[in-house]
Amino acid sequence: MSCNEWREIKLDEIIEFNPKESISKGKYAKKINMDMLKPFYKYVNEYAMEEYKGGSKFRNGDTIMARITPCLENGKTAKVTLLNKNEVGFGSTEFIVLRAKEGLTTEDYVYYTAISPDVRDIAIKSMTGTSGRQRAQINVIQNININLPPLHEQKAIAKILSDLDEKIEINNRINKVLEEIAQTIFKRWFIDFEFPNENGEPYKSSGGEMVESELGPIPKGWDLVELGQFIEIINGYSYKSSELMESNTALLTIKNFDVTGNFKINGFKEIKISEKVKEKHYLELFDVVIACTDLTQNAEIIGNAIMVMTKSKYKKLIASMDIIKIVPKSKKITQYTLYMILKDNRFKKFALGLTSGTTVLHLNKKGILNYKVALPIDSYLLEKISCFIEPLIKYMSEIYSENERLSQLRDTLLPKLMSGEIRVPLDESK
């Protein structure tokens, strides 16, 4: 097996750029927005049904690649898989659509070509335009030369990389289910008041005694408690841009908040520790933080609570100035239970009432101390719910770490496989 069968070729000869597709103006179709792409993540799992008024058009199997800064640099490139057969979807005008040419390339190989460092580096260097609106030049990307293996070897290379990406996708789905299980148990016990009574039956629907409260009926033996009675707010570290540099310490920022409300690994900013950083600013695994600013149009981030699921490659994490650390000051309530209290939609709604600003939203931090929640006076149920939730969250944390390892392995293998430095064993009989 040698590289003799590989040939140097321009991308334009093996990939169709922005292939011609048609959607009637005014027709409703599936739209993929730029913010639905996750950095260096192969799949897009959400779309919106919207009236077509313009934009890029694509089919299943196409690769959509952001061309505008900072989305391109942030790795917003994905393979479209959520459309039906022969369905045409549309998306941002800032996508470049890449389609495999039959007999020359495969869909997955085109995707991995688009995210390979050689192609990305040239695309990023080709960006022109005013600051903040720079775009990669399509003609430059089209003229990039690569060494292309024969089709059967493309499939073998893409399968190795796809297997890693699919494992990451499966892990993400597992984490989603684990989070839903934790929230479902918490809601049933602490919002629907169907916690097990002394006979193991659901309290409220089994005739458990309820008493009136400001928030409506609550179980007898429970009380309304303000957050300020059992949490402490610690402001994040106010850093200067001159402190941002390569380091084994990182800031956890609002970029670590996914728009779906979950923790995401991409978002850390490396920082040199200065003497102004206090012990209180440091974050440990499973600390709870809340976003206090927001640049999204629909206030998707502000008021959201996430838990530190991994420190990634960093020795230390610091809370940045756009978040606050929430620390339980009562032993009755663990950070796992506190996390569930703050993940409740009612808290998000309460927090939105404390925001101000137009372009940038700001949260009244002290205002959240007035949020009221019904809790049992006896600590037994609080201890029990924490015991349910803690192992689920710790398993989620392990999966986050595994996904990091898988991503690193994929990113290490990708350039070596695509360049032929590492060859894939092939069944020559096929």
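A brief structural summary. (Residues numbered from 1 in each chain as written. Predicted model: local features only at pLDDT ≥ 70, side-chain atom pairs only at ≥ 80, totals over all residues. Heavy atoms only, no water.)

Side note on helix H8 (residues 380-419)
Consideration 1: Helix length check: H8, at 40 residues, gives a terminal C-alpha distance of 60 Å against a target of 58 Å (1.5 Å per residue), a fit within 8%.
Consideration 2: Most pronounced at Leu413, the bend in H8 amounts to some 30 degrees, and the proline Pro415 follows within four residues.
Consideration 3: Downstream of H8 by one or two residues, Gly420 has phi in the positive range, about 90 degrees. (Helix = DSSP H or I, 4+ residues; strand = E, 2+ residues; numbered from the N terminus. Expected span 1.5 Å × (residues − 1). Bend = angle between axes of the 7 residues up to and from the residue.)

Here's the deal with a nonpolar patch on the surface
Consideration 1: Together, Tyr28, Tyr47 and Met49 make up an exposed nonpolar region whose accessible area comes to about 350 Å².
Consideration 2: Tracing the chain through its elements places Met49 in strand S4 (residues 48-51). (Patch = residues over 30% accessible without salt bridge, like charges linked within 9 Å, V, L, I, M, F, W, Y side chains within 5 Å. Areas by Shrake-Rupley, 256 points an atom, 1.4 Å probe, with all protein chains shown as cover. Salt bridge = Lys/Arg side-chain N within 4 Å of Asp/Glu carboxyl O.)

Overview of the layout of surface pockets
Consideration 1: What the second largest pocket holds in volume is close to 260 Å³.
Consideration 2: For the second largest pocket, the lining is made up of 17 residues, of which Leu215, Leu224, Arg346, Lys372 and Val373 are closest to its centre.
Consideration 3: Among the elements that line the lining of the second largest pocket, the one with the most residues is strand S25 (residues 372-376), at three residues.
Consideration 4: When grouped by side-chain class, the residues that make up the lining of the second largest pocket number eleven nonpolar, two polar and four charged. (1 Å grid on protein atoms, 1.4 Å probe; cavity = no way out; pocket = protein on both sides within 12 Å on 5 of 7 lines; lining within 4 Å. Points joined across faces, edges and corners; volume = space filled by probe spheres on them. Nonpolar A, V, L, I, M, F, W, Y, C, P; charged D, E, K, R; others polar.)

A word on the packing of helix H2 (residues 107-115) against helix H5 (residues 151-190)
Consideration 1: At a minimum axis distance of 9 Å, the contact between H2 and H5 shows a crossing angle of 70 degrees. Classed by the angle they form, the pair H2 and H5 counts as roughly perpendicular. Contacts between H2 and H5 involve Asp108, Tyr109, Tyr111 and Tyr112 on the former and, on the latter, Gln154, Ile157, Ala158, Leu161, Ser162 and Asp165.
Consideration 2: For the contact of H2 with H5, a count of residues per class yields six nonpolar, two polar and two charged. (Axes fitted to C-alpha atoms, helices over the stretch in contact; angles between N-to-C directions. Parallel < 35°, antiparallel > 145°, perpendicular 65-115°, else oblique. Contact = heavy atoms within 4.5 Å.)

So, helix H3 (residues 117-125)
Consideration 1: When we look at burial in H3, the residues that qualify are Val119, Arg120 and Ala123. Each buried residue of H3 lies within a common arc of 95 degrees when the element is viewed along its axis, so the set occupies one face. Seen from the buried face of H3, the exposed residues on the opposite side, beyond 90 degrees, are Asp118 and Lys125.
Consideration 2: Those residues of H3 that are buried lie in contact with helix H1 (11-14), strand S6 (63-66), H2, helix H4 (138-142) and strand S10 (145-148). (Buried < 20%, exposed > 50% of the residue type's maximum accessible area, 1.4 Å probe, protein only. Arc of directions from axis to C-beta.)

A closer look at the sheet that holds strand S24 (residues 361-363)
Consideration 1: Strand order in the open sheet formed by three strands is S19-S24-S23, with antiparallel pairing between adjacent strands. Both edges of this open sheet fall to strand S19 (293-294) and strand S23 (355-356), since each of them pairs with a single strand only.
Consideration 2: Here S23 pairs with S24 via two bridges, running antiparallel. Residue pairing across strands places Thr355 opposite Leu363, the latter belonging to S24. (Pairing = 2+ DSSP bridges.)

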